[in-house]
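Take a look at the letters that make up each chain.
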Number of protein chains: 2
Amino acid sequence: MALDTLTALAEPTRRRICDTLRVRECGVAELVVALRMSQPAVSKHLRVLREAGVVSSRPVAQQRIYRLEPGPFQELDAWLRPYRELWSDSLDKLERHLDSNP
Amino acid sequence: MALDTLTALAEPTRRRICDTLRVRECGVAELVVALRMSQPAVSKHLRVLREAGVVSSRPVAQQRIYRLEPGPFQELDAWLRPYRELWSDSLDKLERHLDSNP
DNA sequence: CAGTTATATAACCTACCTGGCATGTTGTCC
DNA sequence: GGACAACATGCCAGGTAGGTTATATAACTG
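Residues numbered from 1 in each chain as written. Chains lettered and ligands numbered in written order. Predicted model: local features only at pLDDT ≥ 70, side-chain atom pairs only at ≥ 80, totals over all residues. Heavy atoms only, no water.

Visitor: Quick question: what am I supposed to make of the side chain of B:Arg15 here?
Guide: All names here are of chain B. Along the chain, Arg-15 falls in helix 2 (residues 12–23). For the buried Arg-15, which has no salt bridge, the nearest side chain bearing the opposite charge is Asp-19, at an N-O separation of 6.6 Å. Looking at Arg-15, its side chain comes within polar contact range of the main-chain oxygen of Leu-9, at 2.9 Å. (Helix = DSSP H or I, 4+ residues; strand = E, 2+ residues; numbered from the N terminus. Buried < 20%, exposed > 50% of the residue type's maximum accessible area, 1.4 Å probe, protein only. Lys, Arg positive; Asp, Glu negative; His and termini not counted. Salt bridge = Lys/Arg side-chain N within 4 Å of Asp/Glu carboxyl O. Polar contact = N/O pair within 3.5 Å; in protein donor to acceptor, adjacent residues only side chain to side chain.)

Structure below.
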């Protein structure tokens, strides 16, 4: 489910990390520069994202390259699906009207 | 932006409220029964959702009827859009491959 | 092996979040 | 106007989250 995913993505800093990683995968040091934040803070956020499955890491030399994983975003997309009828076309609204007024 | 929206929706209880309101709008007492939680707790969550624009309320007699608002969900949908290329078709993957290997 | 680089973890502190109970507020009915 | 019904709000306790500094770990480098 999108449970932990939303918790992970609710944090502004973590969203900035995702925005950065969306452009291209990169190591922690790059993120530290991009976010202008301390390295431990970035590592902690990456841990949360990693445990939520939002990012994955692979070792390259002494670096750890982080990359976005599609899964959680797909789950979020799926979770959002039933809510899309809130703004879908008038045909849906008519249908719901008929449902509630038999 | 989807900033406050994600914070509001990150809470499991608030997601349950949204799931309930997605079926139909209702007053606080119904939510209290549905969620099996104290009325003040529900009211507080509703406050968060209301201030995030996720729900709106209108007074009916001494009740307050809460309803889902489409806006934040639309914003979330829009925020998610650039991330959809993570799992889109192989054409995109080829494109990204060519971008990174000129 | 010693030193450096790159990152993770530990310990700690502050602040906020969420739940409970008690109480305030607003509208309705007699 | 008094009593009641439906919510909102204030206050307090417990837990957790996010930041810092200091330290541990792992992999190159000479």
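Visitor: What is the right way to look at the relation of the copies chain B and chain A in this model?
Guide: In this structure, two copies of a chain are linked by a rotation about an axis accompanied by a shift along it. Relative to chain A, chain B is turned by 180° and slid 0.0 Å along the rotation axis, the superposed coordinates differing by an RMSD of 0.1 Å. The transformation relating the two chain copies, once decomposed into turn and shift, fits a two-fold axis. A shared interface surface links the copies, since 100% of the contact residues of chain B are contact residues in chain A too. (Least-squares fit on C-alpha atoms with pLDDT ≥ 70 in both. Contact = heavy atoms within 4.5 Å.)

Visitor: Explain helix 3 (residues 28–35) of chain B here, please?
Guide: All names here are of chain B. Among all positions of helix 3, only Val-28, Leu-31, Val-32 and Leu-35 are buried. The buried residues of helix 3 occupy an angular sector of 105° when the element is viewed end-on, so they sit on one face. Summarising the geometry of helix 3, the exposed residues directed more than 90 degrees from the buried face are Ala-29 and Val-33. Residues of helix 3 that are buried make contact with helix 2, helix 4 (39–51) and strand 2 (63–68). At the exit of helix 3 stands Arg-36, carrying a positive phi of roughly 50°. (Arc of directions from axis to C-beta.)

Visitor: Would you mind going over the pairing of strand 2 of chain B with me for this structure?
Guide: Every other side chain in a regular strand lies on the same face of the sheet, so the side chains alternate between the two faces. Residues and elements named next belong to chain B. Summarising the sheet, strand 1 (residues 55–60) and strand 2 pair through six bridges and their orientation is antiparallel. Counted as the bridge partner of Ser-56 is Arg-67 from strand 2. In textbook terms, the turn of a hairpin is the stretch between consecutive antiparallel strands, and for strand 1 and strand 2 this stretch comprises two residues, one of which, Ala-61, has a positive phi near 55°. (Pairing = 2+ DSSP bridges.)

Visitor: Can you help me understand the protein's contact with DNA strand C in this one?
Guide: The immediate surroundings of DNA strand C are formed by 22 residues, with A:Ser43, A:Tyr66, B:Glu11, B:Lys44 and B:His45 found nearest. At a separation of 2.8 Å, a base nitrogen of DNA strand C approaches a polar side-chain atom of A:Gln39. One of the side-chain nitrogen or oxygen atoms of B:Arg14 is found 3.3 Å away from a phosphate oxygen of DNA strand C. Secondary structure elements with two or more residues in the surface near DNA strand C: helix 3 (28–35), helix 4 (39–51) and strand 2 (63–68) of chain A together with helix 2 and helix 4 of chain B. (Near = heavy atom within 4 Å.)

Visitor: Can you walk me through the interface of chain B and chain A in this structure?
Guide: Buried accessible area, meaning the area lost when the parts come together, often serves as the stated size of an interface. Counting from both sides, the interface comprises 24 residues of chain B and, opposite them, 24 residues of chain A. Of the roughly 2400 Å² buried between chain B and chain A, counting both surfaces, carbon and sulfur atoms make up 72%. The largest per-residue losses of area from chain B upon contact with chain A belong to B:Arg15, B:Tyr83 and B:Trp87, which jointly make up 25% of the total buried on that side. Seen at the junction of chain B and chain A, the total is two salt bridges. Note that B:Asp77 and A:Arg84 form a salt bridge whose closest N and O atoms lie 2.8 Å from each other. Counting every contact that joins chain B to chain A gives four residue pairs in polar contact (both at pLDDT 80 or more). Going through the elements one at a time, helix 1 (3–10), helix 2 and helix 5 (70–80) of chain B are the ones with two or more residues in the side of chain B that touches chain A. Considering each element in turn, the side of chain B that touches chain A owes the most residues, seven residues, to helix 5 of chain B. Split by residue class, the side of chain B that touches chain A holds 16 nonpolar, two polar and six charged. (Buried area = accessible area lost by both parts, 1.4 Å probe. Nonpolar A, V, L, I, M, F, W, Y, C, P; charged D, E, K, R; others polar.)

Visitor: Any chance you could explain the protein's contact with DNA strand D here in plain terms?
Guide: Taken together, 22 residues are adjacent to DNA strand D, and A:Glu11, A:Lys44, A:His45, B:Ser43 and B:Tyr66 come closest. For DNA strand D, the backbone makes up 65% of the atoms found within 4 Å of the protein, where backbone means sugar plus phosphate. Side-chain polar atom of A:His45 to a phosphate oxygen of DNA strand D: 2.3 Å apart, as the coordinates give it. At a separation of 3.4 Å, a phosphate oxygen of DNA strand D approaches a polar side-chain atom of B:Gln63. Those elements that place two or more of their residues in the surface near DNA strand D are helix 2 (12–23) and helix 4 of chain A together with helix 3, helix 4 and strand 2 of chain B. Sort the elements by how many residues they give to the surface near DNA strand D and helix 4 of chain B lands first, with six residues. Class assignment of the residues belonging to the surface near DNA strand D gives a composition of seven nonpolar, eight polar and seven charged.

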